[in-house]
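Listed here are the chains, written in short residue letters.
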Amino acid sequence: MSDKSARTGILLAIAAYSMWGFAPMYFKLLLSVPAPDILLHRIVWSMLILVVLVLVLGQFAKVKKALLTPKVMKILLISGVLLAGNWLLFIWAINNDHLLDASLGYYINPLLNVALGRIFLGERLRRLQKIAVGMALFGVGIMVVSFGQVPWIALALAGSFGVYGLLRKQVDVDSMPGLFLETLLMMPVAIAYWVWFASPASNMLENDWTLNLTLICAGIVTTAPLLCFTGAARRIMYSTLGFFQYIGPSIMFVLAVFLYHEPLHQERLLTFALVWTGLALFSFDSYRHFQRNRKARKAAMAAGA
């Protein structure tokens, strides 16, 4: 993996998780619309955007290749179902004042990514990175204990997106064609729901233009961070990618407490401090390792010359 590819992956990861962090502000604009209706609009309008992108950027050949590969399509079907379930629960949590629960889920997710990376991809952590993981685990544990019950929203969000990311990292298809096909596989269910089960809020012939425009923007809110995420997943280590996800829940945490005034307890503040300390250690170690590898490569090239 080249330095340029790794840097691109890091920038894509930061962009993806920042957009996901601010996404609750968008969904709060749709409190009058049921969560399944918002989900169908995410799928439909994302499909239209992706069709244009695939055609304009000349990605149709890659889409065709994936379509003719049964194994790839089976994995994309599973990842598409996981993605739709994650979207639905995330929307419901935000619009039912469970933003801190969603934040907890995405704090847990990087830890799950590390476990999945170790189990399925053979990735290993260095000593300082292990300390960072331990601090983050301890911080998340404080939040779990403070709930007094199994935080099912958080665990479901973490689990569904963790497995989704692992599948997308291993499937042989680029980010945009893959997302296009995932969305295509979800389209029949979305259209059927829109025709037979959707609420009056999804009748775009009767809505005012502001609500319709907000619903259409679901396509942009959906596709932009996912394209960045899947692009990052193919360029950097999965365990490293997981730690960038602290950006998203940290933004959600701030929004929940200071903008939407969800209750803040001492345990949450302690978790916040431990998680970011762990992230700082992990980032420092990753940067130090990156610099050492770059110097070693330059020395090897000089010796060869």
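As the structure is a prediction and not an experimental result, all values here were calculated from the model. (Residues numbered from 1 in each chain as written. Predicted model: local features only at pLDDT ≥ 70, side-chain atom pairs only at ≥ 80, totals over all residues. Heavy atoms only, no water.)

Asks: Help me understand the overall build of the protein chain, please; the structure alone is not making it clear to me.
Replies: The number of helices and strands found in the protein chain is 13 helices and 0 strands. Sequence-ordered secondary structure for the protein chain, helices as α and strands as β, is α-α-α-α-α-α-α-α-α-α-α-α-α. Computed over the C-alpha atoms, the radius of gyration of the protein chain is 20 Å, within 12% of the 19 Å expected from 2.2 N^0.38 for a compact globule of 305 residues. Counting only C-alpha atoms, the protein chain reaches 70 × 55 × 30 Å along its principal axes. Within the span of the protein chain, comprising 305 residues, buried residues form 50% of the whole. Intrachain contacts of the protein chain at a sequence separation of at least 6 include 89% that bridge at least 24 residues. (Helix = DSSP H or I, 4+ residues; strand = E, 2+ residues; numbered from the N terminus. Rg over C-alpha atoms; globule rule 2.2 N^0.38 Å. Buried < 20%, exposed > 50% of the residue type's maximum accessible area, 1.4 Å probe, protein only. Contact = heavy atoms within 4.5 Å.)

Asks: Explain helix H8 (residues 175–196) to me, please; I cannot follow it from the model alone.
Replies: In an α-helix, one turn spans 3.6 residues, which is why side chains three or four residues apart end up on the same side. Look at H8: 32 Å from first C-alpha to last across 22 residues, which is about the 32 Å you get at 1.5 Å a residue. At Met187, H8 is deflected by roughly 40 degrees, the largest bend along its length, and proline Pro188 occurs up to four residues later in sequence. Along H8, the positions that sit buried rather than exposed are Ser175, Met176, Pro177, Gly178, Leu179, Phe180, Leu181, Glu182, Thr183, Met186, Met187 and Ala190. Here the buried face of H8 lies against helix H2 (35–56), helix H3 (60–67), helix H4 (70–95), helix H7 (152–170) and helix H10 (218–233). (Expected span 1.5 Å × (residues − 1). Bend = angle between axes of the 7 residues up to and from the residue.)

Asks: Sorry if this is basic, but what is going on with the packing of aromatic side chains here?
Replies: Working definition: an aromatic ring pair is given by the centre-to-centre distance plus the angle between the planes. If you walk through the whole model with that rule in mind, you get 12 aromatic pairs. Between Tyr17 and Phe229, the ring centres sit 6.2 Å apart and the planes meet at 70 degrees, which makes this aromatic pair edge-to-face. Note that Tyr17 is positioned in helix H1 (residues 3–27) and Phe229 in helix H10, a separation of 212 residues in sequence. Seen from their ring centres, Trp20 and Phe161 are 5.3 Å apart, and the 85 degrees between their planes marks the pair as edge-to-face. Of this pair, Trp20 sits in helix H1 while Phe161 sits in helix H7, and the two are 141 residues apart along the sequence. A single burial state applies to Trp20 and to Phe161, both of which are buried. Sitting over the face of the ring of Tyr260, Lys28 holds its NZ or CZ atom 4.9 Å from the ring centroid. (Phe/Tyr/Trp six-rings, centres within 6.5 Å; stacked < 30°, edge-to-face > 60°. Lys NZ or Arg CZ within 6 Å of the ring centre and 35° of its normal.)

Asks: Help me out: how do you make sense of the side chain of Ser160 in this one?
Replies: In this structure, Ser160 sits in helix H7. You can call Ser160 buried: its relative accessible area is 14%. Polar contacts involving the side chain of Ser160 include one to the main-chain carbonyl oxygen of Leu157, which spans 3.2 Å. Those residues in contact with Ser160, other than ones at most four positions away along the chain, are Leu82 and Asn86. (Polar contact = N/O pair within 3.5 Å; in protein donor to acceptor, adjacent residues only side chain to side chain.)

Asks: Where do I start with the side chain of Thr214 in this structure?
Replies: Tracing the chain through its elements places Thr214 in helix H9 (residues 209–216). Looking at Thr214, its side chain comes within polar contact range of the main-chain oxygen of Thr210, at 2.7 Å.

Asks: So what exactly am I meant to see when it comes to a nonpolar patch on the surface here?
Replies: A contiguous nonpolar surface patch, about 500 Å² in accessible area, is contributed by Ile191, Val195, Trp196 and Phe197. You can see Val195 is positioned in helix H8. (Patch = residues over 30% accessible without salt bridge, like charges linked within 9 Å, V, L, I, M, F, W, Y side chains within 5 Å. Areas by Shrake-Rupley, 256 points an atom, 1.4 Å probe, with all protein chains shown as cover. Salt bridge = Lys/Arg side-chain N within 4 Å of Asp/Glu carboxyl O.)

Asks: Teacher, can you tell me more about the nonpolar core here?
Replies: In summary, soluble globular proteins display a tendency toward joint burial of nonpolar side chains. Counting residues in hydrophobic clusters, the biggest one holds 86 residues, and the most contacted among them are Tyr17, Phe27, Leu83, Phe90, Phe229 and Leu241. In terms of residue count, the dominant contributor to this core is H4 (11 residues). Other than its neighbours up to four places away in sequence, Phe90 contacts Trp20, Ala23, Pro24, Phe27, Ala102, Tyr106, Leu157 and Met252. (Core = buried A, V, L, I, M, F, W, Y, C linked by side-chain atoms within 4.5 Å.)

Asks: Teacher, can you tell me more about the environment of Asn95 here?
Replies: Tracing the backbone through its elements, the reader meets Asn95 in helix H4. Judged by its relative accessible area of 17%, Asn95 falls in the buried class. Sequence separation between Asn95 and Gly304 is 209 residues, and the spatial gap between their C-alpha atoms is 60 Å. Those residues in contact with Asn95, other than ones at most four positions away along the chain, are Phe27, Lys28, Leu30, Leu31 and Ile38.

Asks: Explain the packing of H4 against H7 here, please?
Replies: A pair of packed helices can be characterised by two numbers: the angle between their axes and the separation between those axes. Following both chains from N to C, one finds H4 and H7 inclined at 150 degrees, their axes separated by 9 Å at the closest point. One finds that H4 runs roughly antiparallel with respect to H7. Classified by chirality, the crossing of H7 by H4 is left-handed. Counted together, Ile75, Leu76, Ile78, Ser79, Leu82, Leu83, Asn86, Leu89, Phe90, Trp92 and Ala93 of H4 and Trp152, Ile153, Ala156, Leu157, Ser160, Phe161, Val163, Tyr164, Leu167 and Arg168 of H7 form the full contact between these two elements. Of the residues assigned to the contact of H4 with H7, the class counts are 17 nonpolar, 3 polar and 1 charged. (Axes fitted to C-alpha atoms, helices over the stretch in contact; angles between N-to-C directions. Parallel < 35°, antiparallel > 145°, perpendicular 65-115°, else oblique. Left-handed = near helix turned anticlockwise from the far one by under 90°. Nonpolar A, V, L, I, M, F, W, Y, C, P; charged D, E, K, R; others polar.)

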